[in-house]
Amino acid sequence: MLGLLAAAAHDVDHPGVNQQFLIKTKHHLASLYQNTSVLENHHWRSTVGMLRESRLLAHLSKEITQDIEQQLGSLILSTDINRQNEFLNRFRAHLAQKDLSLTDADHRHFMLQIALKCADICNPCRMWELSKQWSERVCEEFYRQGDLERKFGLEISPLCSQQKDSIPNIQVGFINYIAEPLFVEWSRFTGGTPLSEKMLSHLKKNKAKWKSLSHRQCSKSNDHLVPVTEGKGDQKISEDGALL
């Protein structure tokens, strides 16, 4: 039940910008949560507020309700991408030591955290047609943030400049450094189940397609450059005459 609640609520009331944007614009949420897991804390507290208003858990004792709310917070906070290495290293250590036991309450909770993290970033593990759509939507959100930062005279955040950060490059980086390392360990944990293997297969195919698109974009960009041979060495100019 906690896993399902956390999955449904882990991004509730998301403002469409990242934590760094909230911090550098001095947003009240950044102040409220002292610049730490700002969005995740907001998702958690908003969820607790909705649960209390709905009285969904009113039939349970105060102690059980408080435990549910705290565990829910622990699950949602685990989706903070800034804590990725923390969870991944702990996961790898457990797998190396072969000491994970789902009869242990702490281990069960940890594996719920890992499962939620996998679910949160699993888009590269979907079939290409669906994964590509969501990748483009996520990048549109990044670019909107970049446009806001430009409007307010702020430094453009990483991955948020439509002029510099292409969708294929963003996706290749995300797969290489975030998604693939986690799903490789998840496959180890599950013992290479058909579902795990299918997800890894999609992920690898999607990475190859994004790399291909990235190379194609680079080739197109280079096609617009004309070599300058008269006294300019290896310099190039674009078709509009600008020296590069």
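Keep in mind that this is a model prediction, so the values were computed, not measured.

### A few points about the pattern of salt bridges
Across all of its chains, the model carries eight salt bridges by this definition. In this structure, K24 engages E149 in a salt bridge whose closest nitrogen and oxygen atoms are separated by 3.0 Å. Separated by 125 residues along the polypeptide, K24 in helix 2 (residues 19-24) and E149 in helix 8 (residues 128-151) bring together distant segments of the chain. Classification of K24 by relative accessible area gives partly exposed; the value is 30%. A relative accessible area of 0% places E149 in the buried class. Across the pair E69 and R52 runs a salt bridge whose closest N-O atoms are separated by 2.8 Å. A residue pair is termed long-range when its members are at least 10 positions apart, and E69 in helix 5 (residues 62-77) and R52 in helix 4 (residues 38-54) qualify at 17 residues. According to the relative accessible area criterion, E69 is buried, its value standing at 7%. One salt-bridge network, in which partners are shared between bridges, spans R92, E185 and R188.

### Observations concerning the environment of K209
Along the chain, K209 falls in helix 10 (residues 194-223). Along the sequence, K209 and W128 sit 81 residues apart, while their C-alpha atoms lie 8.5 Å from each other.

### Topic: the packing of helix 6 (residues 84-97) against helix 9 (residues 167-190)
As a packed pair, helix 6 and helix 9 sit with axes 10 Å apart at the nearest point and diverge in direction by 25 degrees. Considered as vectors, helix 6 and helix 9 are oriented roughly parallel to each other. Relative to helix 9, the crossing made by helix 6 is left-handed. For the pair formed by helix 6 and helix 9, the contact residues are Q84, L88, F91, R92, L95 and A96 on the first element and I178, P181, L182, E185, W186, R188 and F189 on the second. Its residues assigned to classes, the contact of helix 6 with helix 9 shows nine nonpolar, one polar and three charged.

### What about the UniProt feature "domain: PDEase" (unreviewed entry) in the protein?
What UniProt calls "domain: PDEase" (unreviewed entry) maps, in this numbering, to residues 1-217. Here residues 1-217 is 71% helix and 0% strand, with 45 Å between the C-alpha atoms at its ends.

### Description of the packing of aromatic side chains
Counted under the stated rule, the structure contains five aromatic pairs. On the numbers, 6.3 Å between centres and 70 degrees between planes, the contact of F91 with F110 is edge-to-face. One end of the pair, F91, is in helix 6; the other, F110, is in helix 7 (residues 105-120), with 19 residues separating them in the sequence. On the basis of relative accessible area, F91 is assigned to the buried category, the value being 0%. Accessibility expressed as a relative area gives 1% for F110, which makes it buried. Site record: aromatic cluster; members linked through ring pairs are F87, F91, F110, W186 and F189. A cation sits over an aromatic face here: R90 above F110, 4.1 Å from the ring centre.

### Observations concerning the packing of helix 4 against helix 5
Contact geometry for helix 4 and helix 5: axes closest at 9 Å, N-to-C directions at 150 degrees. Comparing their axes, helix 5 and helix 4 come out roughly antiparallel. Note on packing geometry: the crossing formed by helix 4 with helix 5 is right-handed. In this structure, helix 4 uses E40, N41, H43, W44, T47, V48, L51 and R52 to contact helix 5, whose residues at the interface are E69, Q70, L72, G73, I76 and L77.

### Overview of the nonpolar core
F91, I114, L182, F183 and W186 are the most contacted members of the largest nonpolar core, which totals 23 residues. Breaking this core down by element, the ones donating at least two residues are helix 6, helix 7, helix 9 and helix 10. Here this core takes seven residues from helix 9, the largest share from any one element. The contact partners of I114, leaving out residues within four places of it in the chain, are F87, F91, L182 and W186. One finds L5, A6, L51 and L72 within the second-largest nonpolar core, a separate group that totals 14 residues.

### Considerations on the side chain of S187
Structurally, S187 is set in helix 9. Among the residues examined, S187 registers a relative accessible area of 8% and is labelled buried.

So, how was this worked out
- Residues numbered from 1 in each chain as written.
- Predicted model: local features only at pLDDT ≥ 70, side-chain atom pairs only at ≥ 80, totals over all residues.
- Heavy atoms only, no water.
- Salt bridge = Lys/Arg side-chain N within 4 Å of Asp/Glu carboxyl O.
- Helix = DSSP H or I, 4+ residues; strand = E, 2+ residues; numbered from the N terminus.
- Buried < 20%, exposed > 50% of the residue type's maximum accessible area, 1.4 Å probe, protein only.
- Axes fitted to C-alpha atoms, helices over the stretch in contact; angles between N-to-C directions.
- Parallel < 35°, antiparallel > 145°, perpendicular 65-115°, else oblique.
- Left-handed = near helix turned anticlockwise from the far one by under 90°.
- Contact = heavy atoms within 4.5 Å.
- Nonpolar A, V, L, I, M, F, W, Y, C, P; charged D, E, K, R; others polar.
- UniProt positions renumbered as here; feature names shortened; annotations may be inferred.
- Phe/Tyr/Trp six-rings, centres within 6.5 Å; stacked < 30°, edge-to-face > 60°.
- Lys NZ or Arg CZ within 6 Å of the ring centre and 35° of its normal.
- Core = buried A, V, L, I, M, F, W, Y, C linked by side-chain atoms within 4.5 Å.

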